[in-house]
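# Chain and residue survey
Read off the chains here:
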Amino acid sequence: MNQIEPLIFDKTSPGRRCFVFPACDVPVKPITELLARDMLRKKEIKLPEVSEIDVVRHFTRLSQMNYCVDTNFYPLGSCTMKYNPKTNEEAARLEGFTKLHPYQSVEQCQGILKLLYDLEQMLKDISGMSAFTLQPAAGAHGELTGMLIIRAYLEKKGEKRRKIIIPDSAHGTNPASAVLCGYEIESIRSHANGLVDIKKLKEIFTRDTAAIMITNPNTLGLFEKDILEIGKIAHTMGGLVYCDGANMNALLGIARPGDMGVDILHLNLHKTFSTPHGGGGPGAGPIGVTDELASFLPVPGIKAVDKLITESIGNDVQKEYILHYDYPDSIGKIRAFYGHIGMMIRAYTYLLSLGKEGVCKVGKYAVLNANYLRHKLEKQYDIPYGKTCMHEFVISATRQKKKGISALDIAKKLLDYGFHAPTIYFPLIVEEAIMIEPTETESRETLDAFAAVMIQIASDIEQQPDRVRNSPKTTPISRPDEVKAAREPILRWDKK
Amino acid sequence: MDYIPNTEHDRKMMLGEMKVPSFESLLKDIPAPLRNFSLSLRQGLSEPEVLRVLRDLSGGNISTDAYISFLGAGAYEHYIPSVVDHLASRSEFYTCYTPYQPEVSQGTLQAIYEFQTVMCELTGMDVSNASLYDGSTALAEAALLSLRLHEKNKIICSRAIHPEYRQVLKTYLKGLHTEIVEIDTPEGITDTDQLKKMVDDKTSAVLIQSPNFFGCIEDMEIISTIAHKQGALFIACVNPISLGVLKSPGEYDADIAVGEAQVLGNYINYGGPYLGFFTVKKEFLRRMPGRIVGQTVDSEGRRCFVLTLQAREQHIRRQKATSNICTNQGLLALRACIYVCTLGKAGMAELANLNIQKSHYAYERLCALNTVKPVFKNPFFHEFVLKAQGTIPVNKINEYLLKKGIIGGLELSGFYPELDNCMLLCVTETKTRESIDRLILELSQI
Ligand SMILES: Cc1ncc(COP(=O)(O)O)c(C=O)c1O
C-alpha cells in the first residue's frame, strides 16, 4: 500500500458520473429567465468527473495511509488521545439529532435540549464550576470566550486592565486568544521546579493585570500545588483566574477546578470526554464560570422551566427546556447557532456510560499509566521536572542529542516501530522535549511494549546511533521536505 | 462501561513495579482540601441502556426527515449520498489527530489538499485554508485579517448578512477600537448608494453576503468596485452550492471569500459542527488564519503533503499568530471534499440549478395566493421572504403547518422588527413537487 495515490482530480475522465439527482419534477425554466445573465458564473469549475468506485477506492486508500487511535497507541502529549467509544458514534448519528434544524421551535427539539441541559449539569458537577456554556467550538475558542468575559466583567466594574499573565510553559493558543481581545501578554517564567513562580507572580500581578491564564496540571504534567495561593494573589488584586482545562483528564474524579479558585475554565470534549479528533477537528470547548460571571456568558443559554400540562385526569407539571437570552451582561454571540451539538451528544453518551465510578476511575488510571510509563523510561531518558507526574510527563532528549540524535529523530524512529510519536518540542521550556500522555484507555501490555521500544531506541543511540537516523523507512512516505513546502508553496491542484 | 482495560490486578502490579506504596502517594501535590468532594453523577450504564436513553432523546425531536421542512437561514438540508457517510465513518479518518506526523498522516493531508482545491475551484479564489469553525467565525476572521493589514478601523457590512454572523462580528471586534457600520437593505439587497457614501479611506473592508440572508443575490460586481475605489478589501460571504451557477467571488474580484460549507455533505445537526471556509487572493496567503496543507517531496523525491506556512500559527508565533485557532473542522472538510467529488463537475451545476428551479416554482405559486405576498422583488437563489396577509400571525401559521406535518419558514421579526409577520422560506433540491404543493395548499387555506 506504500504507493502514491493520485489526486482525485487526476482521475477525471470526461462524462463520468458518480451520484445522480432525481429528475427535476417541477417545470424547468431557462436559468436566464430566473436570474440576470450577469449574475451567472462564466468560469469553468474543474471538479473531478469520476465514478462511484473511483471515489470509494480513492478515499479508502487515503484512509489506509493514516495512523489512528484505532490502529495503535497514540501517546501524543497534551492531546489526550484516548479511545473513542463506538457507542458515542452510534448515538450521535441518530436521525433525530442529525436532521434537526437549529431554528425549529423549542417544542420540536425537547430531546436535544434536555440532553444539552443535562450535559451542562454533569460538567458542572465534574468541574465544580457554577454555570456553563457549551457553545465554544474548540479549546482555543473557549479561551477567547473566557477572555471576552473577563474583559466585560472588568469593564462593568469600570476597570480597564491591559495585561494577562501567562506562564512560559503554556500552550500557544493561550497568548493568541488573549491578544485577540486586545490584551498584552506578560509571560512569566516557570520556577526551576516547573511550576508557576509564586514570588514572581506576586510581584507582577498588579491592578493592571486582568487575569492569569493557567493550565492545571500544567503542560509538564505537574499539578500546580500552589493553585490556591495563585487564586488568592489574583483575587486580592481584583483580577481573575482563567484555567486552561485541556489537561482535565488528570483530574477527573480527583479534584475540581471550581474548588481551586478558578473563575473560568474551558474543557476540551475532544480530549477529556472521548470525542474523536477527526484528523484535526471538530472538537468542542465548553466553558464553566463562577456564579459571579454567569451573567456574562454568551447567548443563548439553556433553561429548564416548569410547564403545566392540563389533562383530563388532572394537571401535571413537566420540565420544558428552552433557549434563553436573559444573561444581562452577555458578551453576545460567539458563533452562529448553539455549538458543536454532535460532539456534545458523544460526550453525554460517554458520561452516561461511565457514570460516577467510571469518571472517578478515569483520572486515577490516567495518572497511574503515566507514572508507570515514566518510571519505565526514567533511567534511559532525562525527565527534567518532577519526581512523579499527573496524566503526562515530558522527557528531554538532551542526553541523546549529545550523540547526534534529536527528539525529532526519536519520534520518527517510533513510527517505524508502529507507534505514533509523542508531542515533540513542546512545552517550549524543555529542550528537545518529548511529551508523553498514555491516557487511561491503554493496557499495561501496551505501555510495556511502548516502553520496550523507547528503551531499545535509547540503547541504539548509545551503541549504534546510525540505526536511529533517517527514520521512518516503513511508512507510506519518508521525511518530507518542509522547507521546500514553505518556500515554494503549492497549495492546490492545478490542471497540467 | 468505562473503557479502562487495566484491572485491579494490573494496578497492583504496576504500583509494585514502581515501588510506590499507594496510588494516593502519586497525588501528594494536590492540597488535601481539594480532594474532599463527591460527585452527584449517576451510576454508569451498559451499552444497551445508554442507547435506549439516547434513542428516546433523539425521538424527542422532530426530524426534518419525518416532516417537510422549509427552514434554511444559514443551515441547509441537502441530500447526502451514502458514499459520504461510509467513507467519512472510517475510523482511520475520524480517530486520528491533526496531521503533525506527515509520514503517517498522508491520508488526512492529501484529503485536505483536495478540499483546498475544491474550495478554490468553487470560489475562483487562489488559496484556501484547511477550515475554520463555522461561517460566522470565518467572516469575523476575515474582518480581523483586513484590520491587521492596514491602519484603518472601519468595517462596513450589509444588514442582509446573517444576523447571527453580524452579532459574532460585533463580539469579535469589540474592544479592538473598530467601528462597524451597517448598510440598509430596503429592497432585500444592500443599498449601493448608501454604501458609496459610507465607504471612505478609513474603511478596512466591506462585507457582503450573497445570496444574502433573505436569499437575494447582491450586485457583487458594483460593490466590489465601490470597495476597491477607496482601498478597502472586499469580503464576500457565499454559499458554495450557489456557486455551481452563480458568479464566483474570483470573478468579481473579491479579496477574501468565506462562508459556511455545512451544505457540502454535512448534516444540519441542530446547528453544529459546521464548516467555515476561508479563501483569499494569493497576496494575503501569509496573513491567513488557520492550517494550510502544501505539496512537497519526501527524502526519496516522492510527492507528498505537509502542514505548511506554520509560521503564521499560534504554536509557533504565540501572541503574534494570525489567529488563535488550533483544532479546526477537519472531518467536515473531508466530508465536503468527498461530497463534491461524488457530485462531480456536472453534479454541482445540476444541484445549483435544481435549487433554483424548485424554489422558483414554489415562489411563483405561493405569490399567486391571497394569503401571502412576496416582500422583495429581487432575484434570489433558494430562499425568499413572504408576508402573511390575513390576521393570523406567522407563529400561528407555523403551528398550523406543523399539525399538517410541515415545518414552515423562519419568522423574521426577531431579527428584523420591520419585517413583522414575515417568514423566510427555503426550498432545496430535497423538496419534491408534491411536498411543495402541500405547502401551497395549506397556505392557501389559512
Ligand atoms: C494545553 C492546551 N491548551 C489549549 C489547546 C487548544 O485546544 P484546541 O485545539 O481545542 O483549540 C490545546 C490543544 O491543542 C492544549 O493542549
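Within every chain, residues take consecutive numbers counted from 1 along the sequence as written. All chains are assigned letters beginning at A, and all ligands numbers beginning at 1, according to the order in which they are written. Given that this is a predicted model, residues contribute local features only at a pLDDT of at least 70 and side-chain atom pairs are listed and counted only at 80 or more, while totals for whole chains, interfaces and linings are drawn from all residues. With hydrogens and water set aside, each side-chain value is computed from the structure's full complement of heavy atoms.

What follows deals with the UniProt feature "domain: Glycine cleavage system P-protein N-terminal" (unreviewed entry) in chain A. Residues given the UniProt feature "domain: Glycine cleavage system P-protein N-terminal" (unreviewed entry) here are residues 41-298 of chain A. Helix makes up 33% of residues 41-298 of chain A and strand 13%, and the two end C-alpha atoms of the span are 39 Å apart. UniProt positions are given in the numbering used here, feature names are shortened, and annotations may be inferred rather than shown by experiment. A run of H or I in DSSP counts as a helix once it spans at least four residues, and a run of E counts as a strand once it spans at least two, with each numbered from the N terminus.

On to helix 5 (residues 106-123) of chain B, then. At 3.6 residues per turn, the α-helix brings residues three or four places apart onto the same side. Residues and elements named next belong to chain B. With 18 residues, helix 5 should reach 26 Å at 1.5 Å per residue; the first-to-last C-alpha distance of 25 Å fits that figure. Of all the 18 residues making up helix 5, 18 are buried; the element is thus mostly covered by neighbouring parts of the structure. One or two residues past the end of helix 5 sits Gly124, with phi positive at roughly 75°. Here, expected helix span is obtained from the residue count minus one, scaled by 1.5 Å. Between buried and exposed lies partly exposed: a residue is buried under 20% and exposed over 50% of the maximum accessible area for its type, with that area taken using a 1.4 Å probe on protein chains only.

The rule is short: rings of Phe, Tyr and Trp, with Trp giving its six-membered ring, pair when the centres are within 6.5 Å, and they are stacked under 30 degrees, edge-to-face over 60, tilted in between. Taken as a whole, this structure holds 27 aromatic pairs over all chains when the rule is applied. Judged by centre distance (5.6 Å) and plane angle (15°), the rings of Phe19 of chain A and Tyr79 of chain B are stacked. Of this pair, Phe19 of chain A sits in the segment before helix 1 (31-34) while Tyr79 of chain B sits in the loop between strand 1 (68-69) and helix 3 (82-88), which puts the two residues in different chains. Relative to Tyr74 of chain A, the ring of Tyr67 of chain A has its centre 5.5 Å away and its plane inclined at 80°; by these criteria the two rings are edge-to-face. There is no split in this pair, since Tyr67 of chain A and Tyr74 of chain A are both buried. Within the aromatic cluster, the residues linked to one another by ring pairs are Tyr103, Phe337 and Tyr338 of chain A together with Phe213, Phe214, Tyr270, Tyr274, Phe376, Phe415 and Tyr416 of chain B. As a reminder, the over-ring test applies to NZ of lysine and CZ of arginine, requiring each to be within 6 Å of the ring centre and within 35 degrees of the ring normal. Over the ring of Tyr94 of chain B we find Arg93 of chain A, and its NZ or CZ is 5.5 Å from the ring centre. Taking the ring centre of Tyr365 of chain A as reference, the NZ or CZ of Lys361 of chain A above it sits at 5.6 Å.

The next subject is helix 9 (residues 227-236) of chain A. Residues and elements named next belong to chain A. For helix 9, the full list of buried residues reads Ile227, Ile230, Gly231, Ile233 and Ala234. Mapping the buried residues of helix 9 onto a view down its axis gives an arc of 160°, with all of them on the same face. For helix 9, the exposed residues set more than 90 degrees away from the buried face come down to Lys232 and Thr236. Contact partners of the buried residues in helix 9: helix 8 (198-204), strand 4 (209-215) and strand 5 (240-245). With its phi angle positive at about 75°, Gly238 sits one or two positions after the end of helix 9. Regarding the arc, it is the one traced by the directions from the helix axis to the C-beta atoms. Whether two residues touch is decided by their heavy atoms; if any such pair falls within 4.5 Å, the residues are in contact.

With that settled, the discussion passes to the sheet that holds strand 14 (residues 410-411) of chain B. Residue and element names in this part refer to chain B. Strand order across the open sheet formed by four strands is 11-12-15-14, with antiparallel pairing between neighbours. The open sheet has two edge strands with one neighbour each: strand 11 (372-374) and strand 14. Note: two strands are recorded as paired if DSSP finds a minimum of 2 bridges between them. Sheet topology places strand 12 (residues 383-388) next to strand 15 (residues 422-426); five bridges connect them, and they run antiparallel. For Leu386, the partnering residue across the bridge sits in strand 15 and is Met423. Interaxial angle, 0 to 180 degrees, is taken between N-to-C directions of lines fitted to C-alpha atoms, where a helix line uses only the stretch in contact. Across the sheet, helix 11 (residues 330-367) lies against strand 11, strand 12 and strand 15, angled at about 15° from strand 12, the strand it touches most. Relative to the sheet, helix 12 (residues 394-403) contacts strand 12, strand 14 and strand 15, its axis offset from that of strand 15 by approximately 40°.

Residue and element names in this part refer to chain A. Burial of strand 5 is extensive: six of the six residues sit out of reach of the surface. Here strand 4 pairs with strand 5 via five bridges, running parallel. Residue pairing in the sheet places Thr215 in a bridge with Asp244 of strand 5. Handedness of the β-α-β unit built from strand 4, helix 9 and strand 5 comes out right-handed. Where strand 5 meets strand 6 (residues 264-267), four bridges bridge the pair, whose relative direction is parallel. Residue pairing for strand 6: Tyr242 is matched across the bridge by Ile264. Look down the strands so they point away from you; if the path from the first strand over the helix to the second goes clockwise, the crossover is right-handed.

Here the focus is the packing of helix 6 (residues 135-149) of chain B against helix 7 (residues 163-173) of chain B. Residues and elements named next belong to chain B. Taken N-terminus to C-terminus, the directions of helix 6 and helix 7 make an angle of 45°; their axes are 9 Å apart at the nearest point. Considering their axes alone, helix 6 and helix 7 lie oblique with respect to each other. Once helix 6 is placed against helix 7, the crossing between them reads as right-handed. In this structure, helix 6 uses Gly135, Ser136, Thr137, Leu139, Ala140, Ala143, Leu144 and Leu147 to contact helix 7, whose residues at the interface are Tyr165, Val168, Leu169, Tyr172 and Leu173. The class makeup of the residues in the contact of helix 6 with helix 7 is ten nonpolar, three polar and no charged. Roughly parallel means an angle under 35 degrees; roughly antiparallel means over 145; roughly perpendicular covers 65 to 115; every other angle is labelled oblique. Put simply, a crossing is left-handed when the front helix is turned counterclockwise from the back one by less than a right angle, and right-handed when it is turned clockwise. Think of it as three bins: nonpolar holds Ala, Val, Leu, Ile, Met, Phe, Trp, Tyr, Cys and Pro, charged holds Asp, Glu, Lys and Arg, and polar takes everything else, Gly as well.

Attention now moves to the pairing of strand 15 of chain B. Residues and elements named next belong to chain B. Among the five residues in strand 15, five count as buried, and that is most of the element. In strand 15, alternate side chains face the same way, and those of Cys422, Leu424 and Cys426 on one face and Met423 and Leu425 on the other are all buried. Bridging between strand 14 and strand 15 involves two bridges; their strand directions are antiparallel. Within strand 15, the residue paired with Leu410 across the bridge is Leu424.

To continue, consider the UniProt feature "modified residue: N6-(pyridoxal phosphate)lysine" (unreviewed entry) in chain A. As annotated in UniProt, the feature "modified residue: N6-(pyridoxal phosphate)lysine" (unreviewed entry) corresponds to Lys271 of chain A in the numbering used here. You can see Lys271 of chain A is positioned in the loop between strand 6 and strand 7 (287-289). For Lys271 of chain A, a relative accessible area of 8% translates into the label buried. Ignoring any residue separated from it by four or fewer positions in sequence, one finds Lys271 of chain A in contact with Ser78, Cys79, Thr80, Lys82, Ala246 and His277 of chain A together with Tyr97 of chain B.

Now for the site of the ligand. Each residue is tested against the molecule or strand, and it is near if at least one of its non-hydrogen atoms lies within 4 Å. Neighbouring the ligand are 15 residues; Ser78, Asp244, His270 and Lys271 of chain A together with Thr327 of chain B lie closest to it. At the site occupied by the ligand, nearby residues are drawn from chains A and B. Throughout this description, a polar contact denotes any pair of N or O atoms lying within 3.5 Å of each other; where both atoms belong to protein, one of them has to be capable of donating a hydrogen while the other can accept it, and for residues adjacent in sequence the pair is counted only when both atoms sit in side chains. At 2.5 Å, a side-chain N or O of Ser78 of chain A approaches an oxygen atom of the ligand. Areas reported here follow the Shrake-Rupley algorithm with a probe of radius 1.4 Å; residue values treat only the protein chains shown as occluding. Here the ligand, which alone exposes 390 Å², has 99% of that area covered by the protein. Most atoms of the ligand, that is more than half of them, are within 2 Å of grid points of the second largest cavity. When residues of the shell around the ligand are assigned to their parent elements, the largest contribution, three residues, is made by helix 6 (residues 139-156) of chain A. Grouping the amino acids of the shell around the ligand by side-chain chemistry returns five nonpolar, seven polar and three charged. Both cavities and pockets are sets of points on a 1 Å grid over the protein atoms alone; in a cavity a 1.4 Å probe fits but cannot get out, in a pocket the set is open with protein on both sides within 12 Å along at least five of seven lines, and lining residues sit with an atom within 4 Å of a point. For a cavity or pocket, the test is whether more than half of a molecule's atoms lie within 2 Å of its grid points; if they do, the molecule sits there.

Residue and element names in this part refer to chain B. Grid points are joined across faces, edges and corners, and a volume is the space filled by probe spheres set on the points. Scanning the entire structure with this criterion turns up 14 cavities of 30 Å³ or more. Here the largest cavity is characterised by a volume of approximately 180 Å³. In terms of lining, the largest cavity is formed by 18 residues, of which the most central are Gly74, Tyr76, Gln209, Pro211 and Asn239. Its volume calculated, the second largest cavity comes out at about 150 Å³.

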